[in-house]
Every structure is written in structure tokens, then in C-alpha cells.
Amino acid sequence: MDDLRLIRGTLRGRCEDFGVLVDRYQGALYAFVRSQLRDPAAAEDVVQVAFLRAFSGLRAFRGDASFKTWIHQIAINECRARYRDEQRRSEIAIEDVGEAALCADQHDPVDRVEHAGLHRWIGRLPPRQRSVVSLRVFSDLPFGEIARIEGISENAAKVSYHHAVKKLRGWMS
Amino acid sequence: MVDYVDGSLADSDARLVESHCRDCAGCADALVALREVPGLLCAEVAPSPELLMRQRKEILSAVEGLIRAESGRTDGFDFRILLPIAAALVIALAGLISLRPGWYPEDGVGLARAAFLFEMEDPQSAAAMSEILGVPLVLSERFWRGVVDADLSAPLAVGGMSLGSSSAHDAPSGDDSSDDDLSDDDFMEIEELLGMGFVG
């Protein structure tokens, strides 16, 4: 059954139709969000919030883009909001940190928390490249949809992806 | 290069990329990266089935909660939605009365009566209206109480003179009950006001 039919079913009160949508996109969405956030618990939370926001706003879904693109867009917005909150918190917290502790921790904020394997490298990418590569690799979105989410041209999305992959391979080797 | 790896290039273009990569080490490396890196990344972040199952359960249970909350909201009638309607009605009524011919502007007595009626029904609206129309309602209430109690639809007779009707000389024939309801002091006060040009 296609997504639009499932959406219509959900709007008619068939909760199980929404369950099918969750089954369909939950894995890809989690992998994508996990690549954007350091904290696995936060990633789980964002996926849940994204689905609930999608459910609440289902009536407003016009179908201009696919449901998959839409829910990824919601998740990206949520990730960015959390990232901003995190930045703000760390800015406030730095005034309370002693000088010795500051000297001991001079790495990029993304590197402060231990990441497993490639996640560490993804975290080092600039935000746009990180989004593009994650949307492509984990969520298997076409470049046209990635471009729509990021508000860039399809070619720019491809170039961004190319650069990101080259960087990742360089860091890994 | 990305399109080549995706397999979306036309055959002729794909052959051009292949021939270029044979002579260009940088592009050949990029091609390898584009083929290898996505697979490596995917292997790292694939969520466990347990995690997905637990999360699915949480999402659907939250969705059911939202549905319950939504149906709970629609079960009972929310009277708060009537507030803006009531406010709009009061404003519309005030506008209608202020524009109604015969009450305004030539007939100040009719105006005072209308304002007083408002006061009887809804003191707050009447107070607001009195401010807009410039009619002191505290006085009008005292003056017109007897008249309103008697008969609002009849032309108003004060001191043998008809007020609020088409002609001030159309005096009612004798037995108007409003004459009985108003005291002599009231008549004097009204006449004094009429003389001052307040209501007349």
C-alpha cells in the first residue's frame, strides 16, 4: 500500500496504518538521526518526536514531497533545534568551568564525547555535508529530495556528497 | 561521478567517466570512496531490531494517546468558542442601534431610551454605549424607569408632550399610564433637561 493511502487511513482513525508508516521509515530515520546526534538516547527521542509531529500535522501534509522526505525534514529541524540548545548550554556552562578543566578539554565539541568508529568522522563534517551524506547513505533519499530538504540545487547536493565521501575516506585511511 | 556510481548516467557518459578514471588517480580514488564509504557507514549505524520494536511500541502508544485526547476534546462542547461570537454580536447590535434612523441623530430622547434599554439588559455594554453616544445613563435610568416599565413601544409622553415619536405634538389621548408612573419631580427634571437641550 502506498504512503498516501496509509496517510488517508490514519486520518480516518486507522492507527495501524500509521504503524505501517512507522515500520517503513523508522530504521532509516533512526540511522540518519543517530548520525546527526552524539547521544543515542537523544536520537531515539528525536525519532519519536518526529513521528508524533508527523502524526499531529498529517492533515497539513500536502503530498508535494514524499512522506519519507517530510518526516526527515521534521527530524532535521528537531536535530538542529537540539544542537542549538546544546550549543547554548555549553556556552553557559563554560563560565562555570575551572581553568584547569578548560585546558584539559580543547578539542572540537563534537569530539568531546566518544563516538564509535565512523560516527566520529561524520561528526567532523561541516553541517551541510553531514546532512547530505547521512540523508543519502542512511535514508537512501534521492538527491532531488535531499536538495529540497537542504534548500539547495540537486547539483549542489551531489557536489556536497562527493566532497563529504572523499573527506571520510581520507580520514579513515 | 555520483551519477556514475548511482548508475544513472547514460552509457556513453558512463564510458567517458571510466576512460577518464583510468588516467586520473584522483578521480579513481574518489570513485572507490563513493562505492565503499556508504556501505561502511551503513554497517555502523544499523539500529538493533529490539530498539526498533521498543521504539515502535512507544510511538504507537503515544499516537493512541493523542487520538484519545483528541476525541476527548470533541466529546464535550467547549463553550469558550462562544465568547468571540458573543462579543461580535454585542458590537454588531451596538452598531445597528447607533445607525438606526429615528433614534439618532435627530431624536435625542430615543437615543437615551435605547441606551437605557441597553443598560437594563447589559450594564457594561450600556456604559460603553453611553460613552460613545455621550448620553449620561445614570440620569437616564432615573428619568425613564417609569416610562420603560409602563410601555416601551408607545410614544413617550412627558408633561403632555409626546417624545420619541414622529411629532412632538402628537400627544397621547389622556390615559397614558406613564403619566402615573412618573412623579412631578421627575417631570420637572425632564423638562429642565429638555430646556437645557440635553435630550431634546
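Only a predicted model underlies this, so the values are computations on that prediction, with no experimental measurement involved.

Draft legend 1. Inspection of the overall build of chain B at higher detail. Scanning chain B for helices and strands turns up ten helices and two strands. Start at the N end of chain B and walk to the C end: the helices and strands fall as α-α-α-α-α-α-α-α-β-β-α-α. Per-residue burial for chain B yields a buried fraction of 21% across its 200 residues. At a minimum sequence separation of 6, the contacts of chain B that also span at least 24 residues come to 46%.

Draft legend 2. Highlighting the environment of Arg80 of chain A. Turning to its location among the elements, Arg80 of chain A is positioned in helix H4 (residues 67–94). On a C-alpha basis, the gap between Arg80 of chain A and Gln36 of chain A in space is 9.0 Å, while along the polypeptide they are 44 residues apart.

Draft legend 3. Structural view of the interface of chain A and chain B. Taken together, the contact pairs 31 residues of chain A with 26 residues of chain B. At the level of secondary structure, the elements contributing two or more residues to the side of chain A that touches chain B comprise helix H2 (15–36), helix H3 (40–56), helix H7 (118–124) and helix H10 (154–172) of chain A. For the side of chain A that touches chain B, the leading source of residues is H2 of chain A, giving eleven residues. Of the residues belonging to the side of chain A that touches chain B, the class tally is 16 nonpolar, nine polar and six charged.

Draft legend 4. Focus on H10 of chain A. All names here are of chain A. Along its 19 residues, H10 runs 27 Å from first to last C-alpha, staying within 8% of the 27 Å computed at 1.5 Å per residue. All buried positions along H10 are accounted for by Ala157, Ser160, Tyr161, Ala164, Val165 and Leu168. End-on view of H10: buried residues confined to an arc of 130°, all on one side of the axis. Among the exposed residues of H10, those pointing more than 90 degrees away from its buried face are Asn155 and Gly170.

Draft legend 5. Summary view of the confidence of the model for chain A. For chain A, mean pLDDT is 82; residues scoring 70 or higher make up 83% of the total. Ignoring residues within four places in sequence, the model shows residues 100–115 of chain A, a span with pLDDT below 50, making ten contacts including any to other chains.

Draft legend 6. Quick peek at unusual backbone geometry. All names here are of chain A. Even without being glycine, Asp140 reaches a positive phi, approximately 55°. Relative to the elements of secondary structure, Asp140 occurs in the loop between helix H8 (127–137) and helix H9 (143–150). For Asp140, a count of 14 C-beta atoms within 10 Å gives the class partly exposed.

Draft legend 7. Region of interest: the packing of H2 of chain A against H3 of chain A. All names here are of chain A. The N-to-C vectors of H2 and H3 enclose an angle of 140°; their axes lie 10 Å apart at closest approach. The element H2 and its partner H3 pack so that their crossing is right-handed. Along its contact with H2, which presents Phe18, Val22, Gln26, Leu29, Tyr30, Val33 and Arg34, the element H3 presents Pro40, Ala43, Val46, Val47, Ala50, Phe51 and Phe55. The residue inventory of the contact of H2 with H3, partitioned by class, reads twelve nonpolar, one polar and one charged.

Draft legend 8. Quick look at the packing of H10 of chain A against helix H3 (residues 25–45) of chain B. Relative orientation of the contacting elements H10 of chain A and H3 of chain B amounts to 85°, with a least axis distance of 9 Å. Here H3 of chain B runs roughly perpendicular to H10 of chain A, going by the angle between their axes. In this structure, H10 of chain A contributes His162, Val165, Lys166, Leu168 and Arg169 of chain A to the contact, and H3 of chain B contributes Ala30, Ala33, Leu34, Glu36 and Val37 of chain B. In the contact of H10 of chain A with H3 of chain B, the residues fall into six nonpolar, one polar and three charged.

Draft legend 9. How the structure looks around the nonpolar core. Within the largest apolar cluster, 48 residues are counted, with the highest numbers of intra-cluster contacts made by Leu29, Val33, Val47 and Ala75 of chain A. Here this core takes nine residues from H2 of chain A, the largest share from any one element.

Draft legend 10. Spatial organisation of the environment of Glu78 of chain A. All names here are of chain A. Checked against the element boundaries, Glu78 lands in helix H4. You can call Glu78 buried: it has 21 C-beta atoms within 10 Å. Once the C-alpha coordinates of Glu78 and Val46 are considered, the two residues, 32 residues apart in sequence, prove to be 6.6 Å apart. Those residues in contact with Glu78, other than ones at most four positions away along the chain, are Val46, Val49 and Ala50.

Scoring rules and cut-offs
Residues numbered from 1 in each chain as written. Chains lettered and ligands numbered in written order. Predicted model: local features only at pLDDT ≥ 70, side-chain atom pairs only at ≥ 80, totals over all residues. Helix = DSSP H or I, 4+ residues; strand = E, 2+ residues; numbered from the N terminus. Buried ≥ 20, exposed ≤ 12 C-beta atoms within 10 Å, placed from the backbone. Contact = placed C-beta atoms within 7 Å. Nonpolar A, V, L, I, M, F, W, Y, C, P; charged D, E, K, R; others polar. Expected span 1.5 Å × (residues − 1). Arc of directions from axis to C-beta. pLDDT = per-residue confidence, 0-100. Axes fitted to C-alpha atoms, helices over the stretch in contact; angles between N-to-C directions. Left-handed = near helix turned anticlockwise from the far one by under 90°. Parallel < 35°, antiparallel > 145°, perpendicular 65-115°, else oblique. Core = buried A, V, L, I, M, F, W, Y, C linked by C-beta atoms within 7 Å.

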